[in-house]
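Take a look at the letters that make up each chain.
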Amino acid sequence: MSEPTTLTELLENSRRARRAITYLEGENQRRVVGFGELQERALGLLHHLQRLGAKRGDKLILLLQNNEAFIDAFWAGILGGIVPVPVAVGISDEHRRKLLRIAARLGAPFLFAERKAFERIAAFASETGDAAAAERLRSHALFAEELSDYSRPGEPCTAGPNDIAFIQFSSGSTSEPKGVVLTHGNLVANWRGAATAANFTSDDVSLSWMPLTHDMGLIGMHLFMLGSQIETYLMPTDLFVRRPMLWLQFASQVGATIISSPNFGYRHYLKVLGDRSVQGLDLSRVRLIFNGAEPISVPLAHEFLDRLAPAKLARNAMYPVYGLAEASLAVSFPEPGAPLRSVRLDRHQLTVGAPVRHVDPGDTDAVELMAVGRVIPHCELRIAGDDDAPLGAGHVGHIQIRGANVTRGYFENPPANAALHTADGWVRTGDLGVVEDGQLYVTGRAKEIIFVNGQNYYPHDLEAVAIRAEGMDLGKVVVAGVNRPETQTDDLVVFVLHRADVADFLPVANEIARLLSEHTGLEVAELVPVRRIPKTTSGKIQRHLLEEEYLAGAFAAELAELRALRERLRAAAGGGQAAASEIEQRLKEICDRALGREIGVTDNLFEIGASSLKLIEIHEQLDALYPNQVELTELLDYPTIADLAAHLEGKLATQR
């Protein structure tokens, strides 16, 4: 059997293996699709795409939550030379706006979607005066629920290593999404390097809840597994969000050896686990837990391992890695089975070109960083100064990469491509790091970016949403990801220029929190009134100075006054905050549990910072009490308990 050089050859080689993808739709719901059947289903879907007019070189947006439909459509595109473009299905306006911007950038793309998801896009486009864009998409759309006959195969085409395989748009960004162009050769090289570094074998068994629109989900936990002929189990991301305990229950049941999660997943699992026992789980077969997609929290990794030790999870199974979309996925891996390594460095000595300074664990300036291994085969890495000249070991610098796995650039974006490459051909990752004893440590970002729940967001995108609040303009709102030393996670903190009384700030704060929560699905940890916004002489906002002042407690008095004011207003609201009916009381109990605090029935969920994850949790419990009565998106239309209860009561009344 010849070594594959394209994804089509990789699938052809794998289809002969007696392996399968098992789609886990619930605790007792699963569907098994053999690797051979996968190719047949993909060719059957390709026939429908080609009947619609799709041909080699066309773009195919995938807007799907169902994992099986996504995988079928992805491979249909690959086999037909139709370039898949995965886009996450979200519940916020910004997700919908992003989809329309991507479609506009692609020109005249085809679309494979679930009808409900598309109709929400179409309704949003109509409301925002862009109905024509939605109708153009509709004319080139296939809907997953309406296809059942896959018996007639489409006409596959022959791909070459330099042909575009798919385009991966950056997660989280909205105003100017950048599409990373990945060739067949890029992806096959990255699979080879990862398989060698992680010692993948056909005896492995993988399980993933990561979204297939994310590079770790699609490339790491599907393409890498398929190429290595590994038995694969895929769990819907929203099922993990709603019932995280199922993740490791499934891992125990199927004998998984490879699983994965970013920080968000470990925190979410441990929060729901609470003080419950894990004695019923057997995780003794797990040898690799890929940990990446956002800055890695050393304390959280150890807490997870400590908590799962009674389930026979090996301490050396945690596998912290580094990668990015521009590298296809993987850049550096540790030695499998090696113990975790970390260093404590002086956070003030992490500027480009500076030698790192090690400090004691109790040092107030200490930041603990996880080792993410050595560069994998088929990829090169260097640490460079601001002038792109290589720096020696032990010095902080820009992480730059090159190799067969590295993208040639972004889709039709010359300015971004010019900024991406150095004069001597290396790709700027935008990350900062240091290499010590051959191990890479990621120290931060050269570009301003915020990591939330495994996705990256650009501050200016979020600021563009926040300034829709009355009286706000550019330069008056600063969004930052404040990294807390104790958790090494980014809290979303919004600094707002406000020179009047704190009492006058509360309505502004509520409106900004509502906008960010409603339009992006993100939870604002804190809204901070500030009397000045520091800028450079050229007018650039200095976010890091605001972050440092916040962590140092410079705004503690104002925040305490705000909290006290909120409590006084809540107390004054009195009876208006109590439940007035049985349904209101049930909904209030659900929301109180999900948000971890008591709220009033007239409180706007978005003004108090309910994230999209919290909404999913609320909807799960609501659906258990009142099955199929309220859709998740209706929580946006009825954002208070009182409004939602009235809506639900009306629905129930019509059914009596």
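Reference entry: report on the structure contained in this document. Quantities reported herein were computed from a predicted structural model and do not represent experimental measurements. (Residues numbered from 1 in each chain as written. Predicted model: local features only at pLDDT ≥ 70, side-chain atom pairs only at ≥ 80, totals over all residues. Heavy atoms only, no water.)

A look at helix H2 (residues 35–52)
Rules: Counting from the N terminus, the helices are DSSP H or I runs at least four residues long and the strands are E runs at least two residues long. One less than the residue count of a helix, multiplied by 1.5 Å, gives the span that helix is expected to have. Buried, partly exposed and exposed residues are distinguished by accessible area as a fraction of the type maximum, computed with a 1.4 Å probe on protein chains only: under 20%, between the cut-offs, and over 50%, respectively.
Here H2 spans 26 Å end to end across 18 residues, near enough to the 26 Å set by a 1.5 Å rise per residue. Burial analysis of H2 places 13 of its 18 residues in the buried class, the great majority of the element.

A closer look at the packing of aromatic side chains
For any pair of aromatic rings, the description rests on two quantities: the centre-to-centre distance and the angle between the ring planes. Short version of the rule: Pairing of aromatic side chains requires ring centres within 6.5 Å, counting the rings of Phe and Tyr and the six-membered ring of Trp. Pairs whose planes differ by under 30 degrees are stacked, by over 60 edge-to-face, and all others tilted. The rule is short: NZ of Lys or CZ of Arg within 6 Å of the ring centre and within 35 degrees of the ring normal puts a charge over the ring.
Considering all chains together, one arrives at 18 aromatic pairs under this definition. Centroid distance Phe240 to Trp247: 5.7 Å. Interplanar angle 85°. Geometry classified as edge-to-face. Since its relative accessible area comes to 0%, Trp247 is described here as buried. Put simply, the rings of Trp209, Phe240, Trp247, Phe264, Tyr266, Tyr269 and Phe304 touch in pairs and so form one group of aromatic residues. Over the ring of Tyr150 we find Arg41; its NZ or CZ atom is 4.7 Å from the centre of that ring.

Side note on the sheet that holds strand S4 (residues 83–86)
Operational definition: DSSP calls a pair of strands paired once it identifies at least 2 bridges connecting them. For helices, the axis comes from a line fit to the C-alpha atoms of the stretch in contact; other axes are also lines fit to C-alpha atoms, and the angle between any two N-to-C directions lies between 0 and 180 degrees. Should any heavy atoms of two residues lie within 4.5 Å, those residues are counted as being in contact.
Read across the sheet, four strands follow the order S4-S3-S5-S6 without closing on themselves; strand pairing throughout is parallel. Unpaired on one side and paired on the other, S4 and strand S6 (141–143) mark the two borders of the sheet. Neighbour-to-neighbour, the strand axes of this sheet turn through a mean angle of 20°, independent of strand direction. With four bridges connecting them, strand S3 (residues 59–63) and S4 associate as parallel partners. Looking at the pairing, Leu60 lines up with Pro84 of S4. Strand contacts of helix H5 (residues 115–127): S3, strand S5 (110–113) and S6, with the helix running at about 100° to S3, the strand carrying the most contacts.

With respect to the packing of helix H1 (residues 7–14) against helix H8 (residues 215–227)
What counts, and what does not: The scheme is simple: roughly parallel for angles under 35 degrees, roughly antiparallel for over 145, roughly perpendicular for 65 to 115, oblique for anything else. The classification used treats Ala, Val, Leu, Ile, Met, Phe, Trp, Tyr, Cys and Pro as nonpolar, Asp, Glu, Lys and Arg as charged, and all other residues, Gly among them, as polar.
In the contact formed by H1 and H8, the axes pass within 8 Å of each other and the chain directions differ by 60°. Taken together, H1 and H8 sit at an angle that is classed as oblique. Residues Leu7, Leu10, Leu11 and Ser14 of H1 pack against Leu223, Leu226 and Gly227 of H8. A per-class count over the contact of H1 with H8 returns five nonpolar, two polar and no charged.

Things to note about unusual backbone geometry
Phi is positive for Gln229, which is not a glycine, with a value near 55°. Relative to the helices and strands, Gln229 is located in the loop between H8 and strand S10 (231–234). The phi angle at Lys312 is positive, at roughly 70°, despite the residue not being glycine. Assignment of secondary structure puts Lys312 in the loop between helix H12 (298–308) and strand S13 (318–320).

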